[in-house]
Amino acid sequence: MILAIDVGNTETVLGVLDGLETVRSWRLATERGRTSDELTLLVAIAERGRNAIVVDVGTATTFDCITAEGVFLGGVIAPGPLAGMERLSQAASKLMQVDVAPPERVIGRNTIACLGSGVFYSVVDAIDGIVRRILAEWRPGAPLVIGTGGLADLIAPHCETIERVEPHLTLQGLAIAGRHLLP
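Just so you know, these numbers come straight off a predicted model, no measurement behind them.

Would you explain the overall build of the protein in this entry?
A tally of regular secondary structure across the protein gives 5 helices and 8 strands. When the elements of the protein are put in sequence order from the N terminus, they spell out β-β-β-α-β-β-β-α-α-β-α-β-α. Relative to its 183 residues, the protein shows a buried fraction of 42%. Sequence separation of at least 24 residues holds for 47% of the intrachain contacts in the protein that already meet a minimum separation of 6. On the protein, roughly 10400 Å² of surface is accessible, and the fraction owed to carbon and sulfur atoms is 54%.

Written out as structure tokens, the structure reads:
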């Protein structure tokens, strides 16, 4: 078993892994500073042998384009749902923060419902739109589109382009990297 640690912008995720299976994981608030999980994503994807787009839904929503050979082509960084909601409520004094959750309806009938729907579907549609733009520019055939990050379980089921969610992708990548980097 190994302990893998992913230090993100908002949260630090610790996980105990047995092989590639996450036995236990914890999320802690990340203070100032951050590390790149680019290496872990590259090694996690390279082992799959398929072009991939990794959509990490957290403080920022990032899109990493990785070839089947494990080459990081580049990506996109957009505001994450919580950061967008926080900024909106700061900029508009009469708009409060709401939880990011699938709304009952698209058309809200009060301010809270309108905000909830707007925040949720703007993230869902932004993810699908950016993935489609990446595919139009990159033209990699049929890459695997993976959702990961703290909000992936909530958002990905409503996205048309995300094929599967791997909430512990970074921890798995760290375990794989450890096998390749440590004697």
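Right, picking up where we left off after that structure.
When you look at the pattern of salt bridges in this model, what are you seeing that I'm missing?
Side-chain pairs of opposite charge can arise where the charged atoms are in close proximity. Scanning the entire structure with this criterion turns up 3 salt bridges. One salt bridge connects Arg-50 with Glu-163, and the closest N-O pair in it is separated by 3.7 Å. Highlighted residues: Arg-50 in the loop between helix H1 (38-46) and strand S4 (52-57) and Glu-163 in the loop between helix H4 (152-155) and strand S8 (164-165), separated in sequence by 113 residues. Exposure remark for Glu-163: the relative accessible area of 46% places this residue in the partly exposed category. The salt bridge involving Glu-160 is made with Arg-132; its shortest N-O contact spans 2.5 Å. Of this pair, Glu-160 sits in the loop between H4 and S8 while Arg-132 sits in helix H3 (residues 111-138); the two residues are 28 residues apart in sequence, bridging distant segments of the chain. Taking the relative accessible area as the measure of exposure, Glu-160 reaches 64% and is therefore exposed. Among the residues examined, Arg-132 registers a relative accessible area of 41% and is labelled partly exposed.

Explanation requested: a nonpolar patch on the surface in the structure shown.
On the surface, Leu-3, Ile-5 and Trp-26 cluster together into a nonpolar patch covering about 290 Å² of accessible area. Tracing the backbone shows Trp-26 in strand S3 (residues 21-29).

What should I look at first to understand the packing of aromatic side chains in this one?
Both the distance between ring centres and the angle between the ring planes are used here to describe each pair of aromatic rings. This structure, assessed with the given rule, holds 1 aromatic pair. With a centroid separation of 5.2 Å and an interplanar angle of 85°, the aromatic rings of Phe-120 and Tyr-121 are classed as edge-to-face.

Which parts of the structure should I look at to understand the sheet that holds strand S7 (residues 144-148)?
Each strand in a sheet pairs with another by means of backbone hydrogen bonds, the pair being arranged parallel or else antiparallel. Strand order in the open sheet formed by 5 strands is S6-S5-S4-S7-S8, with mixed pairing between adjacent strands. Of all the strands in the sheet, the pair left with one neighbour each is strand S6 (72-79) and S8. Relative to S6, strand S5 (residues 60-66) is paired through 7 bridges, and the arrangement is antiparallel. Paired with Thr-61 across the strands is Ala-78, a residue of S6.

The rules we used
- Residues numbered from 1 in each chain as written.
- Predicted model: local features only at pLDDT ≥ 70, side-chain atom pairs only at ≥ 80, totals over all residues.
- Heavy atoms only, no water.
- Helix = DSSP H or I, 4+ residues; strand = E, 2+ residues; numbered from the N terminus.
- Buried < 20%, exposed > 50% of the residue type's maximum accessible area, 1.4 Å probe, protein only.
- Contact = heavy atoms within 4.5 Å.
- Areas by Shrake-Rupley, 256 points an atom, 1.4 Å probe, with all protein chains shown as cover.
- Salt bridge = Lys/Arg side-chain N within 4 Å of Asp/Glu carboxyl O.
- Patch = residues over 30% accessible without salt bridge, like charges linked within 9 Å, V, L, I, M, F, W, Y side chains within 5 Å.
- Phe/Tyr/Trp six-rings, centres within 6.5 Å; stacked < 30°, edge-to-face > 60°.
- Pairing = 2+ DSSP bridges.

Coordinates in, geometry out; function isn't part of it.
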